[in-house]
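The primary structure of each chain is shown beneath.
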Amino acid sequence: MKTKFLLNAFIGLSLLSAVASGCAAGAPMSAGSSSSGSYAADAAVAPAAESYAYSAPASAHQGIDPELEGPADMYFEDYGINGFVDAAQDHLSTFAVDVDTGSYTVMRNYLNQELLPPPEAVRVEEFINYFDYNYANPAANQTFAITLDGAPAPFVNEPNHRLLRVGIQGYAIPAEERQDAVLTFVIDVSGSMQQENRLGLAQRSLKLMVEQLRPTDAVGIVIYGSDARIELPTTSVADKAQIMAAIDALGSNGSTNAEAGLKLGYDLAWRNYNPAAINRVVLVSDGVANVGQTGPAAILATIEQYAAKGIKLTTVGMGMGNYNDVLMEQLADQGDGFYAYIDTIDEAQKLFVDDLTSTLQTIAKDAKVQVDFNANVVLGYRLVGYENRDVADDDFRNDEVDAGEIGAGHSVTALYEVLLADGELAADTNLATVYLRWHDVATGEVLETEQALTVQEMAENFTASNPSFQLAATVAAFGETLRQSEAGYHISLTDLLAEAQRIDALLTTSQGPDADVTEFVDLVWRAQQLTVVADSGQ
């Protein structure tokens, strides 16, 4: 990862973080706080709108029942937090796109179980990309449309501080025009999948997906515990009853040989490979691997080989306790796919029903973004999130470098904090130019497009900006708070809750209710309640 030069001007800002210094992961609600309610149910008895400082308890165990601290054996990776970069020394910022959303739903599962997620579980870009910002669709015969906008940074006390948004929208494919799909379900049926009825949720989720498939699609099923076996040879969805019966018959036992399961799954997928169709392996697991080779490196070569041949990998995680987030994310990255986490049947509905075409059909491979900041007016910048998606600037046009994949209708959002030079800027002043490069699946060509962001695209104040921009900024601030970032945000969760409420009402008025945004309000409320409990040592 390229060296980041932290601006001295921002050292003071990093000390202003009243929101990110004490979210103790695993703190449950006290008996006196709401244990089964939601913001909507308990708003009448919520604490008054005062600012709660995030000071950590003297002991991580202070006032906490050890048995309620949180699930054990949860594996996450701390990728660090991007710092500000001096634009005079490095005016280019390059990263691979990311459409994963697993980190957001993992966080939701923690909060719904009355626990704060550990900071290392938070990947802010996955929080941001969970939401639909209703970007403009691409013009006819174009793969992507780029939306650029910005406003004064809402949560940092610095007059020249701005927040910029890069929004990328891929073209949508009507369901009836989707390519046929040959899917291979690789399902973990080890003993750990008995916990929390993980296997039961997996079965219900996959059956939702099968219900949406066409008779011209096909499904094969590989299961693995201590070893792996083919549970159902690749079968036409015209025989849907046979596929459903095979899913219903699954039971869990044994150890977890993920290596054997994936190798057999890819073997079955390759034997039924259809060059005219979507070919995808769907791994459903809690990510635990305790038999055979247990790390992603053990099967890396296999996954990369088949990805190059056109068989993509989607990893679907589930479960709390004995769950390996790192393995699930890395396998998806190497398999030219994406990682999602299912905590409820509603999330399965979103992934496998509402967004089925996006889930299945890829429109762009190895997609990368490079932002070229105008160092004459931009003193420094910070990419919010994407810490494990960094690409060397010189590799932006190196098409051998692996990057991200984008499905039909998917969007990608990235936020940058920037510090502008003093003085008035003309409306046509260029702040940055955004370049997007990808391998186009439809044409087989490597394509590139660019778009400039000028001062006139910037709103005069935060509340005057596009409501979807306000949502993205608030979601990002929530993620930064949960991961205890020292990014300089000067806002409490109580204030974030008020912002989330305001934006939910604004979006409801302008475009109708959005269940994801309303749920976000509830999650901020839950985190605020848990933090108050942790700070009070109850």
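Residues numbered from 1 in each chain as written. Predicted model: local features only at pLDDT ≥ 70, side-chain atom pairs only at ≥ 80, totals over all residues. Heavy atoms only, no water.

1. Some points on the environment of Gly254
Stage number 1. Among the structural elements, Gly254 can be located in the loop between helix H6 (240-248) and helix H7 (258-271).
Stage number 2. In this structure Gly254 comes out as partly exposed when scored by relative accessible area, which is 40%.
Stage number 3. Separated by 62 residues in the primary sequence, Gly254 and Ser192 place their C-alpha atoms 8.4 Å from one another. (Helix = DSSP H or I, 4+ residues; strand = E, 2+ residues; numbered from the N terminus. Buried < 20%, exposed > 50% of the residue type's maximum accessible area, 1.4 Å probe, protein only.)

2. Observations regarding the nonpolar core
Stage number 1. In terms of nonpolar packing, the biggest core is built from 73 residues, with Phe185, Ile187, Ile221, Phe373 and Tyr416 touching the most fellow members.
Stage number 2. Here Ile221 is in contact with Phe185, Ile187, Arg229, Ile230, Glu231, Leu232, Ile243, Ala246, Ile247 and Leu268, once residues within four sequence places are set aside.
Stage number 3. Counting residues in each nonpolar core, the second largest holds 45 residues, with Val156, Ala459, Ala472 and Leu523 among its members. (Core = buried A, V, L, I, M, F, W, Y, C linked by side-chain atoms within 4.5 Å. Contact = heavy atoms within 4.5 Å.)

3. Quick look at the packing of aromatic side chains
Stage number 1. Per the counting criterion, the structure on display carries 19 aromatic pairs.
Stage number 2. Ring plane angle 85° and centroid distance 5.4 Å describe the contact between Tyr104 and Phe127, whose orientation is recorded as edge-to-face. One end of the pair, Tyr104, is in helix H3 (residues 102-112); the other, Phe127, is in helix H4 (residues 124-128), with 23 residues separating them in the sequence.
Stage number 3. For Tyr104, a relative accessible area of 0% translates into the label buried.
Stage number 4. An angle of 80° between the planes, with centres 5.8 Å apart, marks the rings of Phe131 and Phe520 as edge-to-face. Of this pair, Phe131 sits in the loop between H4 and strand S4 (144-152) while Phe520 sits in helix H14 (residues 515-536), placing them 389 residues apart in sequence. Comparing Phe131 with Phe520 shows no difference in burial state: the two are buried.
Stage number 5. Put simply, the rings of Tyr104, Phe127, Tyr130, Phe131, Phe478 and Phe520 pair up and form one aromatic cluster.
Stage number 6. Here the basic side chain of Lys309 rests over the ring of Trp270, its NZ or CZ set 4.4 Å away from the ring centre. (Phe/Tyr/Trp six-rings, centres within 6.5 Å; stacked < 30°, edge-to-face > 60°. Lys NZ or Arg CZ within 6 Å of the ring centre and 35° of its normal.)

4. Things to note about the sheet that holds strand S5 (residues 161-170)
Stage number 1. In space, the 5 strands of this open sheet follow the order S2-S14-S16-S5-S4, with antiparallel pairing throughout. This sheet does not close on itself; its edge strands, each paired only once, are strand S2 (85-86) and S4.
Stage number 2. Along the sheet face, helix H12 (residues 467-482) touches S4, S5, strand S14 (378-383) and strand S16 (411-420) and points at about 110° away from the line of S5. (Pairing = 2+ DSSP bridges. Axes fitted to C-alpha atoms, helices over the stretch in contact; angles between N-to-C directions.)

5. Some points on the pattern of salt bridges
Stage number 1. Throughout the structure, instances matching the rule amount to 29 salt bridges.
Stage number 2. Residue Asp286 pairs with Arg198 through a salt bridge whose shortest N-O separation is 2.8 Å. One end of the pair, Asp286, is in the loop between strand S9 (278-285) and helix H8 (297-309); the other, Arg198, is in helix H5 (residues 198-212), with 88 residues separating them in the sequence.
Stage number 3. Here Asp286 falls in the buried class, since its relative accessible area comes to 0%.
Stage number 4. Note that Arg483 and Glu387 form a salt bridge whose closest N and O atoms lie 3.0 Å from each other. (Salt bridge = Lys/Arg side-chain N within 4 Å of Asp/Glu carboxyl O.)

6. What to know about helix H9 (residues 325-334)
Stage number 1. Burial within H9 is extensive, with 8 of its 10 residues counted as buried.
Stage number 2. The set of residues buried in H9 consists of Asp325, Val326, Leu327, Met328, Glu329, Leu331, Ala332 and Asp333.
Stage number 3. The distance from a side-chain oxygen at the start of H9 to the backbone nitrogen of Val326 is 3.2 Å, and the residue carrying that oxygen is Asn324.
Stage number 4. Looking one or two residues beyond H9, the residue adopting positive phi is Asp336, at roughly 55°. (Polar contact = N/O pair within 3.5 Å; in protein donor to acceptor, adjacent residues only side chain to side chain.)

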